[in-house]
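Results of the structural survey
Chain by chain, the residues run as shown.
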Amino acid sequence: MKRNIRFIATLLKMKLSRMMVYRLSFFGGSLVDGSMFLLWLLMFQAIYSQVDSIGGWNKGQTIIFLGTFSLLNAINMTFYFFGVIGIPNKIRNGELDHYLTKPVNPLLRITFENMNPGSIPLIFLSIGIISYGASLLDITIHAATILLYVFFIVIMAILYYDMEIIVRTIPFFVISATSIERLEIAGLDLCMRVPGVLFRGVLKVLFYFVLPYGIMATVPTQILTYSISGDMIFISILVVFVFSVFTLWFWKLGLKHYKSASS
Amino acid sequence: MRKYLEVIKILFKTQITYRFDVAMTVLFTFTRILFAYVLWGAIFDQREVINGFTFPMMLSYYIFSSFLSQIEMSDGVSGEIAGRIQAGTFSKYMIIPLNTQGYFIAQTFGAMAFYFIFILPVTILWMAVLQLGFTITGSFSVILVTILMVLLGLLFMIQLNYFLGILAFKFQEISIFLMIKGNLVAFITGTLVPLHFLPQDLVSVLRFFPFYYVTYLPSMLLIGKNEEEAFTGLVVLSVWLAVFTLLNHFAYNKLRVIYDGVGI
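Structure report, in brief. Residue numbers here run from 1 along each chain, matching the order of that chain's written sequence. Here chains are named by letter from A upward and ligands by number from 1 upward, in the order in which they appear as written. Whole-chain, interface and lining totals are the exception, using all residues; otherwise, since this is a predicted model, local features are given only for residues with pLDDT of at least 70 and side-chain atom pairs are given and counted only at 80 or more. To get the side-chain values, all heavy atoms of the structure are used, and hydrogens and water are removed first.

With respect to the pattern of salt bridges
- By definition, a salt bridge exists where a carboxyl oxygen of Asp or Glu is found within 4 Å of a side-chain nitrogen of Lys or Arg. One pass over the structure, following the stated rule, counts 8 salt bridges over all chains.
- The closest approach of N and O atoms between B:Glu229 and B:Arg207, which form a salt bridge, is 3.4 Å. Here B:Glu229, found in the loop between helix 11 (216-222) and helix 12 (230-255), pairs with B:Arg207, found in the loop between helix 10 (200-206) and helix 11; they are 22 residues apart in sequence, far enough to count as distant.
- Linked through salt bridges whose partners overlap, the residues forming this network are A:Lys90, A:Arg109 and A:Glu113. For helices the rule is a DSSP run of H or I covering at least 4 residues; for strands it is a run of E covering at least 2, with both sets numbered from the N terminus onward.

In structure tokens:
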């Protein structure tokens, strides 16, 4: 464990020195995603100027939901997104060989080799959005609730990571998984703007259990606003657990199918 | 003109190579409509009319705006110009015997025409699937004016993206700026939410800008609203087109001389 942490710290130092070469792009991710979430905030402000609630959720809850998805996205962008997105190319051109021959877990290195500190401001922006949403609610949020919220943010960030790895492990078995990646973008795009509580029937099953983007920000928001049932807490932990186990198993299966440069 | 028609034809044919991209783009028309269906379905659960919109009207608005924003493919112009200037391969466009801006307009219309053929039937299919009393204007003249406005709007967006693309002559790396522009344009063209829902003072200001007339007003006209703004829309768009034609001409002639053709 200690060795892995030292390794991650070294990767971060190397990445920082590379990023300083392109200073203008340093905060690029934060600016792009920050502008996107702020515009979505405006979109919901416009809708809530006409109605009091959407599917039972008031303005405060929806703003917390947006802030929570923004926070998950910021964690993703800061820590693992820029490493994980390179996996399909590494499989296709055989570059994964370099990772497999090193005395470090290849997935650990790929995950953290492209950390992006430029996205850290997005974390603070997200916390600002969440605080604003919370200030609109007529409730007192206790310290224990905040701790539970933070715990769920951590496990939902893991679920986000799981989904990204699953999608990018598929190229071990097929030539191109571009369509699946685009499906991922479409699913995320939809679930970032639509709180999971609005899904009904097949869509609920799809976005809660098959492509569980629908629970990622919804469940932490429900926790912070005291609108979640015990069953849902248990189910969401189970979903994260099942997807994490599946991700590790699927990655190992993919590695067995890896045919180096001829993949 | 024949040379530009040839470019349109070539680009139309080139899209066949990217069949999968076409299929995915067409498929993703669905996600925007699904977004509207789920979100606005929940909102209209409590009320029948919101800000002058009924649920079928709102869905129709999103179907039209989604269709228009999908065929508006000018984003690629700024990306391609900036990318080629950075890589030092923009020289390709400088030596062909065509006006550079004209070439990009023809190129984009060629691709648009191909996507139009596929996106139109899918949009009609969604209208049939949703079966929610789809709303469309019955006035033939409004439809004609809308088509003209859409064409002018598309032309304006190509010109805007051409202008942003050639800024790479001076600033080299503009990809972050282009992505932020994409987010902003999605909002101010009314693709995320009908502009009618924004504060009226803001909407009044937006009426002076061309983005109001690219997706939002044509979609509103097609659902039978805002007909009194149609003529103003054509005038405003024409003025902006004239401004950008001149701006692009001067900017290109001034900036191209600092291009070294080497790349970074």
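Having seen the model, we can carry on.
Brief notes about a nonpolar patch on the surface
- Note on patches: the residues involved have over 30% relative accessible area and no salt bridge, like charges join within 9 Å, and the nonpolar side chains Val, Leu, Ile, Met, Phe, Trp and Tyr join within 5 Å. For accessible areas, the Shrake-Rupley method is used with a probe of radius 1.4 Å. Any residue's cover is judged against the shown protein chains and nothing else. A contiguous nonpolar patch, built from A:Phe234, A:Leu238, A:Phe241, A:Val242 and A:Val245 and spanning about 510 Å² of accessible area, is present on the exposed surface.
- By the secondary structure assignment, A:Phe241 is in helix 14 (residues 230-257).

Here's the deal with helix 8 (residues 120-135) of chain A
- End to end, helix 8 of chain A covers 23 Å across 16 residues, agreeing with the expected 22 Å (1.5 Å per residue, within 8%).
- Two residues form a contact once any of their heavy atoms are found within 4.5 Å. Each element contacted by the buried residues of helix 8 of chain A is listed here: helix 2 (28-48), helix 3 (59-79), helix 9 (143-169) and helix 13 (218-224) of chain A. Each residue after the first adds 1.5 Å to the expected span of a helix.

Quick notes on the interface of chain B and chain A
- Taken residue by residue, the interface counts 28 residues in chain B and 29 residues in chain A.
- Around 2600 Å² of area is buried between chain B and chain A when both sides are counted, 76% of it from carbon and sulfur atoms.
- When two parts are put together, the accessible area they lose, computed with a 1.4 Å probe and summed over both, is reported as buried area. When the area that chain B buries against chain A is broken down by residue, the three leading residues are B:Phe35, B:Val38 and B:Asn183, summing to 19%.
- If you look at where chain B meets chain A, you find 0 salt bridges.
- Counting of polar contacts relies on pairs of N or O atoms within 3.5 Å, with two restrictions inside protein: one atom must be capable of donating a hydrogen and the other of accepting it, and residues adjacent in sequence are counted only when both atoms are side-chain atoms. Taken together, the connections running from chain B to chain A amount to 4 residue pairs in polar contact (both at pLDDT 80 or more).
- Broken down by element, the residue count for the side of chain B that touches chain A peaks at 13 residues, all from helix 2 (residues 19-43) of chain B.

A look at the nonpolar core
- Working definition of a nonpolar core: buried Ala, Val, Leu, Ile, Met, Phe, Trp, Tyr and Cys residues. They are joined through side-chain atoms within 4.5 Å. We call a residue buried when its accessible area falls under 20% of the maximum for its residue type, exposed when it is over 50%, and partly exposed in between, using a 1.4 Å probe and counting protein chains only. Formed by 165 residues in total, the largest nonpolar core has its most connected members in A:Ile47, A:Ile54, A:Phe69, B:Leu39 and B:Trp40.
- In terms of residue count, the dominant contributor to this core is helix 7 (residues 140-166) of chain B (13 residues).
- With sequence-adjacent residues up to four places away left out, B:Leu39 is seen in contact with A:Met43, A:Phe44, A:Ile47, A:Ile54 and A:Leu198.
- In terms of nonpolar packing, the next biggest core, distinct from the first, is built from 6 residues, A:Ile8, A:Leu11, A:Val104 and A:Leu108 among them.

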